[in-house]
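# Results of the structural survey
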Amino acid sequence: MTSLDQTVSLRRDHSLSLWVGAFLVGLHVVIALLTLVWTPYDPTAMSGGRLEPPSLAHWAGTDRLGRDFFTQIMIGSRIALIVGVGAVAIGAAIGVTLGIVAAFATKLLDDALAATLDILIAFPTLLLAMLVVAASDTASLGTAILALGIALSAIVARLTRILAKRVLLMDYITAARTSGTSWFAIVFVHVLPNIWPTLSVNFALQFGLAVIAEASLSYLGLGAPPPNASWGRLLQEAQGTVYTAPIGAIAPGIALVSLVIGVNLLADGLRDIADPTRRVSR
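Since we're looking at a predicted model, the values are computed, not measured.

## Concerning the overall build of the chain
Within the chain, the secondary structure is distributed over ten helices and zero strands. Secondary structure elements of the chain occur, N-terminal to C-terminal, as α-α-α-α-α-α-α-α-α-α. By principal-axis analysis of the C-alpha atoms, the chain measures approximately 75 × 60 × 35 Å. Counting only residues that meet the buried cut, the chain has 41% of its 282 residues in that class. At a minimum sequence separation of 6, the contacts of the chain that also span at least 24 residues come to 68%. Element-wise, carbon and sulfur atoms account for 70% of the exposed surface of the chain, whose accessible area totals about 14500 Å². If the 17 positive side-chain charges of the chain are averaged to one point and the 16 negative ones to another, these points end up 6 Å apart.

Below, the structure written as structure tokens:
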């Protein structure tokens, strides 16, 4: 195969990952937005018998309380997106700030921040989130988002620190300092624009991690409480009826996996755009 054929093949694979990821994520976004104005049934209404199989009236059957299960899955998409966006926003705000501060700090402060971040990253994200939720009085959707955002911020801060320190070594930064450019201007004019493409890819990956972590928290009873139809809580409720009504465990699992895979494929496509050398080296 010639180099031209390899380049065309790599571009095709890159485009396929990007478009498949965009389709899966877009599908969940459309469903989440649709739940704001319409759902097949009231999410809290007992619209049928207990554990009914899929039918024309109830596309995914009903749960153990007689609620429409397809409606619950749709609401779960909205909760997953809210958690993902909220956790990434909090993690980005805290992490980027700490990373920039560490990059500009003195060596002593930089080493102290770097060591602290390494210690936090050594703990699993879910464990850190559980500790934050446990420290609060009650479990709620807002608490879960805050906990996940704080847990993800250490990863973002470490990446931001590494990228920012790399940019600060460039010749144009030295020229900007020599010309009297303020540190504020250097950060917002030179540093952030150059590290943002790589950070955005990381944010996409953190989004998928946040969705999985929230489902895990809800499964353990530390996430969004009822009547919030989190996919993790739906999986927890379905474990007792997995043999009599298996769709109760299969449907939330498929929804969760499809969103995470979509986000990862989208992140992979964005990574190829942000770093063109990957398309040549892969």
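On we go from here.
## Points about the nonpolar core
Counting residues in hydrophobic clusters, the biggest one holds 40 residues, and the most contacted among them are Ile100, Val191, Ile195, Trp231 and Leu259. Mapped onto this core, the elements with two or more residues apiece are α1 (3-35), α2 (69-104), α5 (141-168), α6 (171-178), α7 (183-219), α8 (231-238) and α9 (247-274). By residue number, the principal contributor to this core is α7, which donates twelve residues. Setting aside chain neighbours within four positions, we find Val191 in contact with Ile100, Phe104, Ala164, Val167, Leu168 and Ile186. If you look at the next biggest cluster of nonpolar residues, it comprises 17 residues, including Ile75, Ile79, Ala213 and Ala224.

## Topic: a nonpolar patch on the surface
A surface patch of nonpolar side chains, amounting to about 590 Å² of accessible area, comprises Val29, Leu33, Leu34, Leu36, Val37 and Trp38. Following the sequence through the fold, Val37 ends up in the loop between α1 and α2. For Val37, a relative accessible area of 71% puts it in the exposed group.

## Describing the packing of helix α4 (residues 125-135) against α7
The axes of two packed helices give the description: the angle between them and the distance between them. In the contact formed by α4 and α7, the axes pass within 10 Å of each other and the chain directions differ by 55 degrees. Classed by the angle they form, the pair α4 and α7 counts as oblique. Along this stretch, α4 crosses α7, giving a crossing that reads as right-handed. Where α4 approaches α7, its residues Thr125, Leu126, Ala129, Met130 and Val133 are matched on the opposing element by Leu209, Ala213, Ser216 and Leu217. For the contact of α4 with α7, the class distribution of residues is seven nonpolar, two polar and no charged.

## Let's talk about the pattern of salt bridges
In total, this model carries eight salt bridges according to the counting rule given. Among the salt bridges present, the one from Arg67 reaches Asp63, with a minimum N-O distance of 2.7 Å. Accessibility classification places Arg67 together with Asp63 in one group, the buried group. Through salt bridges with shared partners, a single network forms among Asp63, Arg64, Arg67, Arg233 and Glu237.

## A look at the layout of surface pockets
Estimates place the volume of the largest pocket at around 230 Å³. His28, Ile31, Ile73, Ala255 and Ser258 are the residues nearest the centre of the largest pocket, which is lined by 14 residues in total. Listing elements by their share of the lining of the largest pocket, those giving two or more residues are α1, α2 and α9. Top contributing element to the lining of the largest pocket by residue count: α9, with five residues. When its residues are assigned to classes, the lining of the largest pocket shows eleven nonpolar, three polar and no charged.

## Focus on unusual backbone geometry
The phi dihedral of Leu51 falls on the positive side, at around 55 degrees, and the residue is not glycine. Structurally, Leu51 is set in the loop between α1 and α2.

## Observations concerning the side chain of Thr71
Positionally, Thr71 belongs in helix α2. With relative accessibility at 0%, the residue Thr71 sits in the buried group. One polar contact links Thr71 to Asp68, side chain to side chain, over a distance of 2.7 Å. In this structure, Thr71 is in contact with Thr39, Pro40, Tyr41 and Pro43, ignoring residues within four places of it in sequence.

## Description of the packing of aromatic side chains
With the rule as written, the count across this model stands at four aromatic pairs. Taking the centre distance of 4.6 Å and the plane angle of 40 degrees together, the rings of Phe184 and Phe188 count as tilted. Residue Phe184 and its partner Phe188 are located together in helix α7, separated by four residues, close to a single helical turn. Looking at Phe184, the relative accessible area reads 61%, which means it is exposed.

Thresholds, definitions, all that
- Residues numbered from 1 in each chain as written.
- Predicted model: local features only at pLDDT ≥ 70, side-chain atom pairs only at ≥ 80, totals over all residues.
- Heavy atoms only, no water.
- Helix = DSSP H or I, 4+ residues; strand = E, 2+ residues; numbered from the N terminus.
- Buried < 20%, exposed > 50% of the residue type's maximum accessible area, 1.4 Å probe, protein only.
- Contact = heavy atoms within 4.5 Å.
- Areas by Shrake-Rupley, 256 points an atom, 1.4 Å probe, with all protein chains shown as cover.
- Lys, Arg positive; Asp, Glu negative; His and termini not counted.
- Charge placed at Lys NZ, Arg CZ, Asp CG, Glu CD.
- Core = buried A, V, L, I, M, F, W, Y, C linked by side-chain atoms within 4.5 Å.
- Patch = residues over 30% accessible without salt bridge, like charges linked within 9 Å, V, L, I, M, F, W, Y side chains within 5 Å.
- Salt bridge = Lys/Arg side-chain N within 4 Å of Asp/Glu carboxyl O.
- Axes fitted to C-alpha atoms, helices over the stretch in contact; angles between N-to-C directions.
- Parallel < 35°, antiparallel > 145°, perpendicular 65-115°, else oblique.
- Left-handed = near helix turned anticlockwise from the far one by under 90°.
- Nonpolar A, V, L, I, M, F, W, Y, C, P; charged D, E, K, R; others polar.
- 1 Å grid on protein atoms, 1.4 Å probe; cavity = no way out; pocket = protein on both sides within 12 Å on 5 of 7 lines; lining within 4 Å.
- Points joined across faces, edges and corners; volume = space filled by probe spheres on them.
- Polar contact = N/O pair within 3.5 Å; in protein donor to acceptor, adjacent residues only side chain to side chain.
- Phe/Tyr/Trp six-rings, centres within 6.5 Å; stacked < 30°, edge-to-face > 60°.

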